[in-house]
Structure formats: structure tokens, C-alpha cells
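Examining the three-dimensional arrangement
The residues making up each chain are set out below.
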Amino acid sequence: MALNIIVCAKQVVDPETPASAFRIDPDTKQVVPAQGIPPVVNGFDENAVEAALQIKEASSDATITVLSVGSGFVMDVMKKPLSMGADQLILVDDPAVGNLDAFGTATALAEAIRKIGEYDLILCGRQASDWDNAMVPLGIAEILGLPCITIAQKIEVSDDGVTVHKALSDGYEVVKAELPAVVTITNELGEPRYPTLRGIMTASRKTPTVWDASEVGLSHDQLSHKLDLTELYIPVSDTECEFIEGEDDADSGRLLALKLREARLI
Amino acid sequence: MAGILILGEIEGDALGSITGELATVGQALAATSGDEVAVALLGGTPDSFAGDAIAAGADKVYTVADPLLADGQIDAYLSAFEQAVQQTSPSVVLIGKTELGRDLGPRLAFRMGVGVAQDCVELSVDESTGRVSALRPVYGGNAMAKVTFQGDGIQIAVVRPKTTEAPEPDTSRTGETQALSVELESSVIKARRVDTVTQASEGVRLEDATIVVSGGRGLGGEEPFETLAGLASMLGGAMGASRAACDAGWLDHSYQVGLTGKTITPDLYITVAISGASQHMAGCSGAKHVVAINRDQDANIFKSCSYGVVGDWNKVLPAFIETVSELINS
Ligand SMILES: Cc1cc2nc3c(=O)[nH]c(=O)nc-3n(C[C@H](O)[C@H](O)[C@H](O)COP(=O)(O)OP(=O)(O)OC[C@H]3O[C@@H](n4cnc5c(N)ncnc54)[C@H](O)[C@@H]3O)c2cc1C
Ligand SMILES: Nc1ncnc2c1ncn2[C@@H]1O[C@H](COP(=O)(O)O)[C@@H](O)[C@H]1O
């Protein structure tokens, strides 16, 4: 079965940036990337690439297209899905789409997907680690009128459609839909594979397709914000830690227990 | 404003606690405007829960009954709730960030072409514009964003559970119940849940526990978690873990505490060998007291702790457990 899979992947500030290096510019209301820490492909989007690769391995004939919308792309970063084994990369790269809200992003991705034209399965990450919205894939599905299944920890494609194990907080649901469909992937699917040396070589020879906003047919109106960001700040904790120090580690453990009893916590 | 509409949730044979929480949030928003706070109850036979919704803080209840709503298929709920919103034209829609709501809220907004704020922990009304302003954690909890809704369309807020306490039911409250009729066809269900597999958790549920003991990557393997589980049960609490520990395969993901795991609100949260990444802390910001055992004195976890021990858990933990056991048994 010939299968066209589109994976939506976003470039984000590295979420493992230590809290001590996390900075905000209050005037522009933007996060200032920490020095020397390059951006990454959103972690759950790598899980989505992994899911696509597994589906491709299980079917005879699948093509994986990675799609991203934004500006200021770092090519080495965005090529990682290619080095993992994806077939092609399409970037909608334009200052006009550099700072959209979830509504604008979903619109831009949906228009780009229409332009790509052929798609059976659209895979996304369960949420982007910058704004933690978990909304864009739902928007893509609504705009394109497709079924949508979120938080897949397992996904299988067959002739009658897609079957997903949707992770719940205690277990999972089995959800089915016909293709084309939008599915979001969670880390429970398993670790994304590491690029092989051969994968990296192949990726380095591939040139991404780059579209600007007008080539995708996006108008200014379509991209206007529905939400206004009025403040962005780092929360301060007013908790003061009382360190319990005994003569040695074991003594500290003993004193900790006594302290908790004294505080009536145990 | 022209009214607040809440998506009520029915869990099994009771009104979900989120409904009371949202009623509290709604009543606070309506405090200055005097707006009506209505709850929409969708289901096969939702009428029997109308009284509970009023006792939980609703001024009015809309019921939407349809056989297609009996087994909670999200596509059917979405279609029915969209019609309820259109028929009642509220200015604010409140939805819980539950299994259902976190998808339904944004999908409703995209469908209606209006704004939506996901995962709100605080809502207020801007005095000058009368528009809602929402506070939400972003960047894994590293930052807080305040957003307002543009224009004058319906404002949809998806509210994080447990950010307010559901009030004690007040059965002396009165309110009107009105049935809405909607058109629903089975063809709206495009993604269909065909089975649910749940693991019954043993002992106290992590989300409900007043004491939680969690372990992280620094525990190095499965075995130390057996010790932690013993400590948790001795304290009458539950065990949790960091994502790193779950990803390593030491524990099932149902133990995960954090942004993409469970939200816990214990009185006492004891962490062992957890660094305290913002995405972990996002799940336990409601804990009254955090305690950490970690060998790195600069670990982020200590910033949120009431009490901490800088040391090797291999040595700290056995002495801690032994003393706890003595204290409890004496
Ligand atoms: C989008 C996103 C969502 C996420 N969601 C979650 C989530 O829901 N929950 C979650 O937990 N994480 C989540 N994470 C991951 C999070 O960023 C961290 O990677 C994770 O919490 C780290 O787990 P840890 O503290 O166990 O491991 P580490 O950060 O590796 O910390 C291990 C700690 O153990 C200590 N240690 C090691 N050996 C010893 C010893 N012998 N004695 C004492 N201390 C010792 C170390 O000093 C260190 O502080 C998410 C990440 C992203 C990007
Ligand atoms: N700018 C973008 N480009 C490509 N994919 C995106 C973009 N923004 C969001 N997505 C996809 O939508 C998912 C959820 O994002 P969000 O709704 O922002 O949390 C991500 O994991 C991506 O798969």
C-alpha cells in the first residue's frame, strides 16, 4: 500500500536548558536562548518521526515528508529527521510565520499540507515543549476536516485505516479511524532511533524544499493572533530549603525522619 | 459579558469533580459582572445529574441527551457541545483540561474560529475591556504567560484540574434546568474508541495520596523502587517517579509525575534522586511540602524544598526508612 506520511516537526529552544540558564526578555516577551545551547527538534516530534519510520518499515511503500513552519531555522537541527531516515524536508520559512499563535500555526501547516496535496497520515508530537499547547494538531484536523487521535503510544496502519493505543493516565484506549487522519505521538512509543553515519551522510546531500508564506497562499488575516501575550515571566519560588546535616549520610537520613515527625508531616 | 457556559463532566455514576471546580472559577469571574454560570451536561441520560451540578455551583443547567452521547465518544460530544454553545451564546466557555477537555476545547475553538487558552491555572476579568485574561505555565513550567483574548468573540479557557477546590455540595442552592435538543448523526464520529484497557492501581491512587514518595534516574534501576514502594505504603501514601525513571523502563508510565504525567497535590512529597526539572515540578507545584534526598547540592529540586538532605541515597535512605518505621510503630 502506497502511503504518504507527513510529520510536522517544530524547532524549539532546548527544553533541557538548566533552569539557572533560562532567560526571558520582558520587553519582547520572548525566551532568550541560552548561550551555547542550540535549538532542538521538539522531542515528541522525534517520537513522531520514529513512529513514521516504524510504519514505513512495516509497509512496502511509504514516503515520509517532514514539514515545519517558522523562521530562523538551524539547518543541522532540522535535518535530524532526515538523518533518522525521513525522505524529504519542507520548510515554510518566513518572518511572517515566525511568531504565530496555535491558530496561525495550524492554519499555516494545513495550507502547506494542502499544497503538498497527497497525504494519508499526518503525524505530530503530542505537544511542543515551548508553549506546551497541545493544540496545533487538533487545529490541522479541524481545518482539513480529518479524524484526530491524540497521545498515541502505539500506532498501526492497515488497509482499513489507523489503529492507535491512546495513552491514558492509567492504561490506554484503542481508537480507530479511516485515513487520512491526524495522530499525535507521545514518548511512551519508545526512544527515537539515533541517526546512523550513513543516515547523516544521506541527509547532508538532501536539500530541503523551502516555501515562503505567499507560496503557501497564506494571507496576513489568516495569521492574525486570536490570543495576545501580555506578560511572560519566570515564577519565583519563596520556599527556603532547610538542609538537614548529620554527622554522615545515614545520620542525616535519621535526622530527616525526626524533623518530619517534629513538623507533623509523618 | 453574556454568560459563562461550563462543559460538565459525568464520571461513571457521579458528577466529575472538575465540574464543581469550574463552577467555582466561573462564579469568581462572574462576581463583578453578575453573569449567569451555566453547566451543560451531555450524555445518554444526563438529567439525573442536574441537581448535583446546581449544588456544585451552577446557576442553570442545560441538559443534552442523546444515545450517541452515552459512551463518551469525543467527536459526538464536540458536535453536541458546539450546538449547545451556539444555542446559548455565552461569552466565556470553561472546560476542564481532562482527558476529554484538553482536546475538545481547542477543537471547538478551531471549529468556531475563536480563541482558546489551554491549560490555564488562573483566570481574571480585565476591568477596562471586560475580556478574560488567563495565566498559563509555559516552557515546561520555566515561565508563566499571561494571555488575553483578541476581538469580541467567544472566549474558551481550558482549565487545569485542581487549581481550585471543588466546593462542598450545597443542596440548598436552586436553579433552572433546561433541555437542549441537538442534531447528532453517527457519521460525526470519525475516530472511534473501540476498547479501554485500564490498570487498577493497587492501594492509594497517586492523584489522591496525601503522601507521595518518588524516585528518579539517580536510583539507577528497578530494585530501589521496591524499597520506595515499601516506604510509601508504610506512610499510607503512594509511589511516583520521574519521566526519566519511567522512560528507562523501571516503572510503568502511570507512575510518572509531571507536565505530561500526573498532577499530584499531597501534603508531603518526598523525592529521592530526582533533579527537579521544571517539567517534573509542573506536576507537583500543589504539594504543600517537598523533601529531597539528592547528592548534588545545586540540584534544582532544592529550590522548591522545605527540607533537604545532600547525600547519597544508598546511605541516607535506609537510615531514614528505619527511623520512620520506628516513629510510626512507637
Ligand atoms: C516536553 C517535556 C515533558 C516532560 N514531562 C515530564 C514529566 O511529566 N515528568 C518528569 O519527571 N519529567 C518530564 N520531562 C523530563 C524532564 O525534563 C527531566 O529530564 C526529568 O524529569 C529528569 O528526571 P530525573 O530527575 O529522574 O533525572 P536527572 O535529571 O538525571 O536527575 C537525577 C538526579 O539524581 C541525583 N543522583 C544521582 N545519583 C544519586 C545518588 N547516589 N544519591 C543521591 N542522588 C543521586 C543526581 O544528582 C540528579 O539530580 C519532560 C521533558 C520534556 C521536554
Ligand atoms: N511551527 C510548527 N511547525 C511544524 N509543526 C508544528 C509547529 N508547531 C506545532 N507543530 C506540531 O504540533 C505539535 C503540537 O504543538 P503545540 O500545539 O504547539 O503544542 C508539535 O509537536 C508539532 O508536531
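The coordinates are above.
All values derive from a computational prediction rather than experimental measurement. (Residues numbered from 1 in each chain as written. Chains lettered and ligands numbered in written order. Predicted model: local features only at pLDDT ≥ 70, side-chain atom pairs only at ≥ 80, totals over all residues. Heavy atoms only, no water.)

Okay, the site of ligand 2 next. Residue and element names in this part refer to chain A. Around ligand 2, the surrounding shell holds 19 residues, and the nearest of these are C8, D45, A128, M135 and V136. Here an oxygen atom of ligand 2 and a backbone polar atom of C8 are 2.7 Å apart. With respect to ligand 2, the backbone of A134 contributes an N or O atom lying 2.8 Å from an oxygen atom. In isolation ligand 2 has 480 Å² of accessible area, and contact with the protein removes 98% of it. (Near = heavy atom within 4 Å. Polar contact = N/O pair within 3.5 Å; in protein donor to acceptor, adjacent residues only side chain to side chain. Areas by Shrake-Rupley, 256 points an atom, 1.4 Å probe, with all protein chains shown as cover.)

With 76 residues of chain A at the contact, the number on the chain B side is 77 residues. Summed over both partners, the interface of chain A with chain B buries about 6,700 Å², with 60% contributed by carbon and sulfur atoms. Our count for the contact surface shared by chain A and chain B stands at five salt bridges. Between D103 of chain B and K166 of chain A there is a salt bridge, and its shortest N-O distance comes to 3.8 Å. One can count 35 residue pairs in polar contact (both at pLDDT 80 or more) joining chain A with chain B. Those elements that place two or more of their residues in the side of chain A that touches chain B are helix 4 (102-116), helix 5 (136-144), strand 9 (148-158), strand 10 (161-168), strand 11 (171-177), strand 14 (227-233), strand 15 (242-243) and helix 7 (249-262) of chain A. Taken together, the residues of the side of chain A that touches chain B sort by class into 42 nonpolar, 15 polar and 19 charged. Examined bridge by bridge, strand 11 of chain A and strand 13 (residues 191-198) of chain B share seven bridges and lie antiparallel to one another. Bridged to K176 of chain A within strand 13 of chain B is R192 of chain B. (Contact = heavy atoms within 4.5 Å. Buried area = accessible area lost by both parts, 1.4 Å probe. Salt bridge = Lys/Arg side-chain N within 4 Å of Asp/Glu carboxyl O. Helix = DSSP H or I, 4+ residues; strand = E, 2+ residues; numbered from the N terminus. Nonpolar A, V, L, I, M, F, W, Y, C, P; charged D, E, K, R; others polar. Pairing = 2+ DSSP bridges.)

Turning our eyes to something else, we now look at the pairing of strand 11 of chain A. All names here are of chain A. Burial of strand 11 is extensive: five of the seven residues sit out of reach of the surface. Two strands pair when backbone bridges link them, and strand 10 and strand 11 are joined in this way by seven bridges, in the antiparallel orientation. Residue pairing across strands places V162 opposite A177, the latter belonging to strand 11. Linking strand 10 back to strand 11 in an antiparallel pair, the connection comprises two residues. (Buried < 20%, exposed > 50% of the residue type's maximum accessible area, 1.4 Å probe, protein only.)

A few words now on helix 4 (residues 101-112) of chain B. Along an α-helix, a turn takes 3.6 residues, which lines up residues three or four apart on a common side. Residues and elements named next belong to chain B. Its twelve residues give helix 4 an end-to-end C-alpha distance of 16 Å, which sits within 8% of 16 Å, the value for a rise of 1.5 Å per residue. In terms of burial, helix 4 is a largely internal element, ten of the twelve residues being buried. Three or more residues of helix 4 are buried, namely G101, R102, D103, L104, G105, P106, R107, L108, A109 and F110. Immediately downstream of helix 4, the backbone of G113 shows phi near 70 degrees, a positive value. (Expected span 1.5 Å × (residues − 1).)

Moving on, we come to the pattern of salt bridges. Tallied over the entire structure, the rule returns 26 salt bridges over all chains. In this structure, E57 of chain A and R193 of chain A form a salt bridge, with 2.7 Å as the shortest nitrogen-oxygen distance. On the criterion of sequence distance, the pair formed by E57 of chain A in helix 1 (residues 43-58) and R193 of chain A in the loop between strand 12 (181-185) and helix 6 (197-205) is long-range, its members being 136 residues apart. Overall, the relative accessible area of 56% leaves E57 of chain A in the exposed class. Note that R193 of chain B and E173 of chain A form a salt bridge whose closest N and O atoms lie 3.4 Å from each other. Of this pair, R193 of chain B sits in strand 13 while E173 of chain A sits in strand 11, on two different chains. For R193 of chain B, a relative accessible area of 24% translates into the label partly exposed. By sharing partners, the salt bridges in this structure join D170 of chain A together with R205, E207, D208 and K262 of chain B into a single network.

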